[in-house]
Amino acid sequence: MNIEKKIAQNVVEVVKKLYNADFEANKVLVQQTKKEFEGDFTIVTFAFTKIAGKSPEIIGQEIGAELLKINENIENFNIVKGFLNLILSKNQSISLLNEIVDNQDFGFIKATENSPLMMIEYSSPNTNKPLHLGHIRNNLLGYSIAEIQKANGYKVLKTNIVNDRGIHICKSMLAWQLFGNGETPENSGLKGDFLVGKYYVIFDKEYKKQINELISKGLTEEEAKKSAPLILDAQKMLFAWENGDKEVRELWQKMNLWVYAGFAETYEKLGVDFDKIYYESDTYLVGKQEVERGLAEEIFYKKPDGSVWADLTSDKLDEKLLLRADGTSVYMTQDIGTAKLRYNDFPISKMVYVVGNEQNYHFQVLAILLDKLGFEWGKSLVHFSYGMVELPEGKMKSREGTVVDADDLIAEMIDTAYQTSKEIGKFNELTENQALETARIIGLGALKYFILKVAPVKNMTFNPKESIDFNGNSAPFIQYTHARIKSVLSKAAENGIVLEKCANNLNINEKEKFLIQLLGQFPNTIREAGANFSPALIANYCYDLSKEFNQFYHDFSILKEENPQLKNFRLQLCTAVAQILKNAMGLLGIELPDKM
RNA sequence: GGUUCCGUAGCUCAGUUGGAUAGAGCAACAGCCUUCUAAGCUGUGGGUCAAGCGUUCGAAUCGCUUCGGAAUCACCA
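These figures come from a predicted structure and were not determined experimentally. (Residues numbered from 1 in each chain as written. Chains lettered and ligands numbered in written order. Predicted model: local features only at pLDDT ≥ 70, side-chain atom pairs only at ≥ 80, totals over all residues. Heavy atoms only, no water.)

Caption draft 1: Quick peek at the overall build of chain A. In terms of regular secondary structure, chain A is built from 21 helices and 14 strands. Based on the C-alpha atoms only, the size of chain A along its principal axes is roughly 90 × 65 × 45 Å. For chain A, with 596 residues in total, the buried portion stands at 53%. Considering only residue pairs separated by 6 or more positions, chain A has 74% of its internal contacts joining residues 24 or more positions apart. With the model as given, the accessible surface of chain A reaches about 28,000 Å², and the carbon-plus-sulfur share is 50%. The average position of the 69 basic charges and that of the 80 acidic charges among the side chains of chain A differ by 2 Å. (Helix = DSSP H or I, 4+ residues; strand = E, 2+ residues; numbered from the N terminus. Buried < 20%, exposed > 50% of the residue type's maximum accessible area, 1.4 Å probe, protein only. Contact = heavy atoms within 4.5 Å. Areas by Shrake-Rupley, 256 points an atom, 1.4 Å probe, with all protein chains shown as cover. Lys, Arg positive; Asp, Glu negative; His and termini not counted. Charge placed at Lys NZ, Arg CZ, Asp CG, Glu CD.)

Caption draft 2: Seen up close, the layout of surface pockets. A volume near 1,500 Å³ is recorded for the second largest pocket. Glu4, Val30, Phe41, Gln521 and Asn524 are the residues nearest the centre of the second largest pocket, which is lined by 50 residues in total. Counting residues per element, the lining of the second largest pocket draws most heavily on helix 20 (residues 535-555), which supplies 7 residues. For the lining of the second largest pocket, the class distribution of residues is 18 nonpolar, 20 polar and 12 charged. (1 Å grid on protein atoms, 1.4 Å probe; cavity = no way out; pocket = protein on both sides within 12 Å on 5 of 7 lines; lining within 4 Å. Points joined across faces, edges and corners; volume = space filled by probe spheres on them. Nonpolar A, V, L, I, M, F, W, Y, C, P; charged D, E, K, R; others polar.)

Caption draft 3: Seen up close, the pairing of strand 9 (residues 308-311). Of the strand pairs in this sheet, strand 8 (residues 301-302) and strand 9 are connected by 2 bridges, and their pairing is antiparallel. Pairing of tyrosine 301 across the sheet is with tryptophan 309, part of strand 9. Linking strand 8 back to strand 9 in an antiparallel pair, the connection comprises 5 residues, with glycine 306 at a positive phi of about 100°. The pairing of strand 9 with strand 10 (residues 319-323) spans 4 bridges and is antiparallel. For alanine 310, the partnering residue across the bridge sits in strand 10 and is lysine 320. (Pairing = 2+ DSSP bridges.)

Caption draft 4: Inspection of the pattern of salt bridges at higher detail. By the definition in use, this model includes 33 salt bridges. The partner of lysine 372 in a salt bridge is aspartate 315, with the nearest N and O atoms 4.0 Å apart. Residue lysine 372 is located in helix 14 (residues 360-372), and its partner aspartate 315 is located in the loop between strand 9 and strand 10; the two are separated by 57 residues in the primary sequence. The exposure class assigned to lysine 372 is partly exposed, which follows from its relative accessible area of 30%. With a shortest N-O distance of 3.0 Å, glutamate 437 and arginine 440 are connected by a salt bridge. (Salt bridge = Lys/Arg side-chain N within 4 Å of Asp/Glu carboxyl O.)

Caption draft 5: Expanded view of helix 18 (residues 510-519). Within helix 18, 8 of the 10 residues are buried, which leaves it mostly tucked inside the rest of the structure. Looking only at helix 18, the buried set comprises Glu512, Lys513, Phe514, Leu515, Ile516, Gln517, Leu518 and Leu519. The N-cap residue of helix 18 is asparagine 509: its side-chain oxygen and the backbone nitrogen of lysine 511 are 3.0 Å apart. (Polar contact = N/O pair within 3.5 Å; in protein donor to acceptor, adjacent residues only side chain to side chain.)

Caption draft 6: View of the confidence of the model for chain A. Averaged over all residues, the pLDDT of chain A is 93; the fraction at 70 or higher stands at 100%. Overall fold confidence for the complex sits at a pTM of 0.96, while the interface term, ipTM, reaches 0.96. (pLDDT = per-residue confidence, 0-100.)

Caption draft 7: Inspection of the sheet that holds strand 7 (residues 276-279) at higher detail. The strand order 7-6-5-11-12 describes an open sheet built from 5 strands, whose pairing is parallel. Two strands in the sheet have a free side with no partner beyond their single neighbour: strand 7 and strand 12 (382-386). Sheet twist, expressed as the average angle between the axes of neighbouring strands with direction ignored, equals 25°. (Axes fitted to C-alpha atoms, helices over the stretch in contact; angles between N-to-C directions.)

Caption draft 8: Up close: the sheet that holds strand 9. With antiparallel pairing, 3 strands are arranged side by side in an open sheet as 8-9-10. Either end of the sheet is taken by a strand with one partner, and the two such strands are strand 8 and strand 10. With respect to the sheet, helix 12 (residues 280-296) is in contact with strand 8, strand 9 and strand 10, its orientation differing from that of strand 10 by roughly 120°.

Caption draft 9: Inspection of unusual backbone geometry at higher detail. Its identity is not glycine, yet lysine 81 carries a phi of approximately 50°, on the positive side. Relative to the helices and strands, lysine 81 resides in the loop between strand 3 (74-80) and strand 4 (83-88). A residue is classified by how much of its surface remains accessible, and lysine 81, at 59% relative accessible area, is exposed. You will see that phenylalanine 533, though not glycine, has its phi angle at about 50°, which is positive. Turning to its location among the elements, phenylalanine 533 is positioned in the loop between helix 19 (522-532) and helix 20.

Caption draft 10: Structural view of the protein's contact with RNA strand B. Among the 65 residues in the neighbourhood of RNA strand B, the closest are listed as Phe83, Asn163, Ala455, Tyr480 and Tyr553. Between a phosphate oxygen of RNA strand B and a side-chain N or O atom of arginine 324, the distance comes to 2.8 Å. Within the side chain of arginine 484, an N or O atom sits 2.7 Å from a phosphate oxygen of RNA strand B. Going through the elements one at a time, strand 2 (41-44), strand 4, helix 13 (331-345), strand 14 (460-461), helix 17 (475-494) and helix 20 are the ones with two or more residues in the surface near RNA strand B. If one sorts the elements of the surface near RNA strand B by residue count, helix 20 sits on top with 8 residues. Residues of the surface near RNA strand B, tallied by class, amount to 28 nonpolar, 20 polar and 17 charged. (Near = heavy atom within 4 Å.)

This is how it looks when you write it as structure tokens:
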């Protein structure tokens, strides 16, 4: 049991004894004492005024005195208004430090045979264009959430549903047939996803031309959009695809493979991966079957034109289309099919969808539909919704060419990291290969941290003109802190210092004590980040810890400390900070270099 | 118009189940490299937590109203 829980438990006992009242342990507020006050943990005593019928100060006095008797870790206390500040013994801090150094996985809960399985879907790209900044946020959040849930003891499966069919890919295919002149990634040197994206743009351009021509001939915009030859051909192609037309299927396969190769490269650069990939071309038919079943069981209904609908008015929502009049499936149909397949494949107890907040409504509906279809897990699905990434001028628009491509951004970040590092002389003692690797870690770290430190629900602004920060609250700052610690530790090793457990009776200072207690907060931070699906909590914890350590680093000597026991202690403290930073940043998918 | 989300310093953002004097970074200004890595440290200035009302011993946090912004309400995925 950790110290906070124990204190809370003690308070319950004390309250029972003093005031003869029952109080739940999880309602006792025990928090790390703020730096400006003396103490390690603080109990808010306002909560007990009604029970005790006394002033918060007196209650603090009384509880404090009793706690002193029953908890040997509590050495003293003080009271400021309604706040009872407990001062823990230095022994407690030192044994906590020993525990952290001893346990490489401090704060992590290991999954067992019986742990529940959480499946996390993220990324879910369309196959008609390259990944952009918005996808980066999705991928980073998805990966990080998966790591955080693993650390919370879940078995985790990362999955991706690839939107590989539909009118969008037909548009690229058609444009490539008409204007491609046999261009391939091999003969053009273009990355596969960019090549396919290029023809998607060409389709759009040509389509617009046709629309404008038709409008000038007197059609309304609406009519022109529907009757332009290109869109008709694309629809024809989709129909042919659905009917298994050999030629169309072959072209489809070929171009999708180009895209997958491109995506694989981007995923690898980003450091994200998947345990199981689903393709909509495999799941949409299953979805249709499920909808047919729902129709047969009168959960859904058919309109005169033949289209199938779900009536959600009893859930205060609208009607929802599930199958078009011509029998083809829509987005929702596919998601039902995908869910069915997944639950057939794995013993999932919780399903998480990492998808942008523009689809809040969609997932609200999906949960209800799955529930209606009799899937017990439907209602409990989690839509991990996140806000959009905006540019200073507003949303990214492909038409205006303001889309920030993932690959470009990654390359730019790494390049900036390389230039900056070189300028300030960080690479003087590194080989070129080491320098490149370090720049990769720093550039990518800066990008990941910049995105993950923001609370997921919020829209965030990204300014491509101002490069992402390498100072202050940033990954490079944390990486730098880690590198410094590693440097101190390796110097200690060079000097033949062998670290051992810290003795209990050391006279450590307040800053050191605070640092240890902060390290002790790591398990709580993981629990909270898991419960709230918030990598941002981890990011900000890493920053706090790094900042705290940097101050410590400046104020106290480590290697030059003359008392050998104290030197050992401080080196152990360094070890613990480095270890926690590495584990915590690992939850964000951010690497920490030993040198920089 | 209905629904959902957001609004905290000039800018970008933290602020944990309601708790102490609302915090960082960037930008500005002033210091600190003969001392374990200056991507660092110290200090100064900067706030009606969008506005109002309410609940509470206590509200940036909870509730209601108003204002501002975004998303969605597609036979697009």
